[in-house]
Amino acid sequence: MIHKYKLNGYNIVLDVHSGGVHIVDELTYDMLDNIAPPFADECPANVIEKLSRFYNREEIISCYEEVKELYNEKILFSEDDYEKFAKYSVASPIKAMCLLVTMDCNLRCEYCFASQGDYAMGRKVMSFETGKKALDFLLENSGDRENLEVDFFGGEPLMNWDVVKKLVEYGRSREEEYHKHFRFTVTTNGLLLDEEKMDFINKEMSNVVLSIDGRKDVNDRVRKRVDGSGCYDRIIPRFKELAEKRNYENYYVRGTFTKYNLDFASDVFHLYDLGFEQISVEPVVCDHDEKYAITERDLPAVFSEYERLAQLMLVNEKKGKHFNFFHFMLDLDQGPCAIKRLRGCGSGNEYVAITSDGDIYPCHQFVGIPEYLMGNIHSGEFNTEIKKDFAAAHIYNKEDCRKCWAKFYCSGGCNANNFIYTGNILTAHKLSCEIEKKRLECAIMIKAAQAEAAAQE
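Values in this document were obtained by computation on a predicted structure and should not be read as measured data.

Novice: Even after reading the chapter, I still don't get the packing of aromatic side chains, so can you show me in this structure?
Specialist: Each aromatic ring pair is summarised here by two numbers: the centre-to-centre distance and the angle between the ring planes. Counting across every chain of the model gives 27 aromatic pairs. Seen from their ring centres, Phe-264 and Tyr-306 are 4.8 Å apart, and the 65° between their planes marks the pair as edge-to-face. One end of the pair, Phe-264, is in the loop between strand E10 (251-257) and helix H9 (265-273); the other, Tyr-306, is in helix H10 (residues 299-318), with 42 residues separating them in the sequence. You can call Phe-264 buried: its relative accessible area is 0%.

Novice: Honestly, the nonpolar core in this entry has me stumped. Any pointers?
Specialist: Within the largest apolar cluster, 125 residues are counted, with the highest numbers of intra-cluster contacts made by Leu-99, Phe-152, Phe-328 and Phe-366. Of all hydrophobic cores here, the second largest spans 19 residues; its members include Val-13, Leu-27, Tyr-29 and Tyr-64.

Novice: For this particular structure, what's the right way to read helix H12 (residues 384-391)?
Specialist: Helical periodicity: at 3.6 residues per turn, an α-helix aligns residues three or four positions apart in one direction. Taken residue by residue, H12 has Ile-386, Lys-387, Phe-390 and Ala-391 as its buried positions. The buried residues of H12 occupy an angular sector of 145° when the element is viewed end-on, so they sit on one face. Its side-chain oxygen placed 2.9 Å from the backbone nitrogen of Glu-385, Asn-383 serves as the N-cap of H12.

Novice: Would you take a moment to explain the layout of surface pockets for this structure?
Specialist: Over the atoms rolls a probe the size of a water molecule, and its path tells where empty space is left. Of the pockets and cavities examined, the second largest pocket occupies roughly 260 Å³. Forming the boundary of the second largest pocket are Asn-8, Tyr-10, Gln-311, Leu-314, Val-315, Glu-317, Lys-318, Ala-449, Gln-450, Glu-452, Ala-453 and Gln-456. Among the elements of the structure, H10 and helix H16 (430-456) are those that each provide at least two residues to the lining of the second largest pocket. When grouped by side-chain class, the residues that make up the lining of the second largest pocket number five nonpolar, four polar and three charged.

Novice: Quick question: what am I supposed to make of the sheet that holds strand E11 (residues 278-283) here?
Specialist: For sheets, the rule is that strands pair by backbone hydrogen bonds, running either parallel or antiparallel. In spatial order, the strands read E12-E11-E10-E9-E8-E7-E4-E13-E14-E15-E16; together these 11 strands make up an open sheet with mixed pairing. In this open sheet, the two strands that pair with only one neighbour each are strand E12 (324-325) and strand E16 (381-382).

Novice: Could you clarify how one ought to interpret the pairing of strand E1 (residues 2-7) in this entry?
Specialist: Side chains on a regular strand alternate between the two faces of the sheet. Sheet topology places E1 next to strand E2 (residues 10-15); six bridges connect them, and they run antiparallel. Residue pairing in the sheet places Ile-2 in a bridge with Asp-15 of E2. Counted between consecutive antiparallel strands, the loop separating E1 from E2 contains two residues, among which Asn-8 sits at a positive phi close to 55°.

Novice: Help me understand unusual backbone geometry in this model?
Specialist: Excluding glycine, residues mostly have negative phi values, and the peptide bonds linking residues are mostly trans. Here the residue pair Pro-37 and Pro-38 is connected by a cis peptide bond, since its omega of -5° sits within 30 degrees of zero. Inspection of the secondary structure assignment puts Pro-38 in the loop between helix H1 (26-31) and helix H2 (45-51). Here Gly-154 and Gly-155 are connected by a cis peptide whose omega angle stands at 10°. Mapped onto the secondary structure, Gly-155 falls in the loop between strand E7 (147-153) and helix H5 (161-178). For Ser-115, which is not a glycine, the phi torsion comes out positive at approximately 55°. Among the secondary structure elements, Ser-115 is positioned in the loop between strand E5 (102-103) and strand E6 (124-125). According to the relative accessible area criterion, Ser-115 is partly exposed, its value standing at 32%.

Novice: How should I be thinking about the packing of H9 against H10 in this particular structure?
Specialist: Two packed helices can be described by the angle between their axes and the distance between those axes. It is at 9 Å that the axes of H9 and H10 come closest, and there the two elements cross at 30°. Residues Ala-265, Ser-266, Val-268, Phe-269 and Tyr-272 of H9 form the contact with H10, whose participating residues are Glu-305, Arg-308, Leu-309, Leu-312, Met-313 and Asn-316. Here the residues of the contact of H9 with H10 sort into seven nonpolar, two polar and two charged.

About the thresholds
Residues numbered from 1 in each chain as written. Predicted model: local features only at pLDDT ≥ 70, side-chain atom pairs only at ≥ 80, totals over all residues. Heavy atoms only, no water. Phe/Tyr/Trp six-rings, centres within 6.5 Å; stacked < 30°, edge-to-face > 60°. Helix = DSSP H or I, 4+ residues; strand = E, 2+ residues; numbered from the N terminus. Buried < 20%, exposed > 50% of the residue type's maximum accessible area, 1.4 Å probe, protein only. Core = buried A, V, L, I, M, F, W, Y, C linked by side-chain atoms within 4.5 Å. Arc of directions from axis to C-beta. Polar contact = N/O pair within 3.5 Å; in protein donor to acceptor, adjacent residues only side chain to side chain. 1 Å grid on protein atoms, 1.4 Å probe; cavity = no way out; pocket = protein on both sides within 12 Å on 5 of 7 lines; lining within 4 Å. Points joined across faces, edges and corners; volume = space filled by probe spheres on them. Nonpolar A, V, L, I, M, F, W, Y, C, P; charged D, E, K, R; others polar. Pairing = 2+ DSSP bridges. Axes fitted to C-alpha atoms, helices over the stretch in contact; angles between N-to-C directions. Contact = heavy atoms within 4.5 Å.

See the structure below:
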């Protein structure tokens, strides 16, 4: 299987199963529209006749021979040899946990997937005892995993700051006994950040996610405080200070774009101009009927904007400047292991979310969905059959993914998005797929441009 496209002056051919990326000339690009394995010994007469309207006959024959050679060397049109690994996609030890230390928030973001913080389950906070049991649950179900990841999440986790601190201390106190190491992270809207919290976060948190949507007018339109006022002016100085104290390492600013700001490349560069160099701005997840929802009619504008962002980033790099945009970060040389390619994030299998009451869900986006309640840390219940279902949610069990060129990069997409939009974790959400494919095309193009620039140095 191959995927070919034109972008920013490059003719790009991706060999899906080998992961090889080829930058080709116009003849080769057009040739690939007219041939496919198995290859004849000589270029078919009808192909020569068709392409002769645009290219020299000898060049056509030579191009055919080059493509055939690439096929024989298994560099182009390579076979899929990953399906054999699908049988190893089985229930695994848990290595990561999202702790909803608050199911409450001091913002009322218009698009919030968590119903403005309480997940439509009532506003509450996690007790220290529940948090301790959650960490114990992770320790006891992590098998031989040495590094364990815990994200303090909400709502807004800083609203339950004393419990966060106590849980970090408790987790550290259990590490030696279990021969484990906790990597704590926190996701915050920044309203409650102060010097004490920043110092603790920078000492104890392996990563920190700072929530902001970009330009002041964009951010404050949807990310409002309880009293209806915006939050931009309050959080920006705090975010900048925290990032500076971390030496701009192990953090990222995370935003959401909606129909209100389809020119989101401007928000990405606004965040960069503020000094942030680790940036994620992602499409909103919501009901298609919401006024801010991104729909199929918006896709041409979204695609154009991703292309604009990619081109602006290349211009920026030519000036000796650089930042990471999360969805354009792509390793074409090595990439993830085979199983990671097949099933993605590990939600419901290697990763779970724990609510303030101790309920267990596959991830924070499944919280409140009855059929995906996996158990409760207080009762000791844990539904391992659901765990098996998520382990089996790989690309070869997702019909649309099997034949998709992007399957080894998106790994079947977000299971939560699939369920929210289609009602089935095994059914890909088409709109999300199209957006992901455009991001991948842009990311591959950036790699091609960077390789070209390096070769010219």
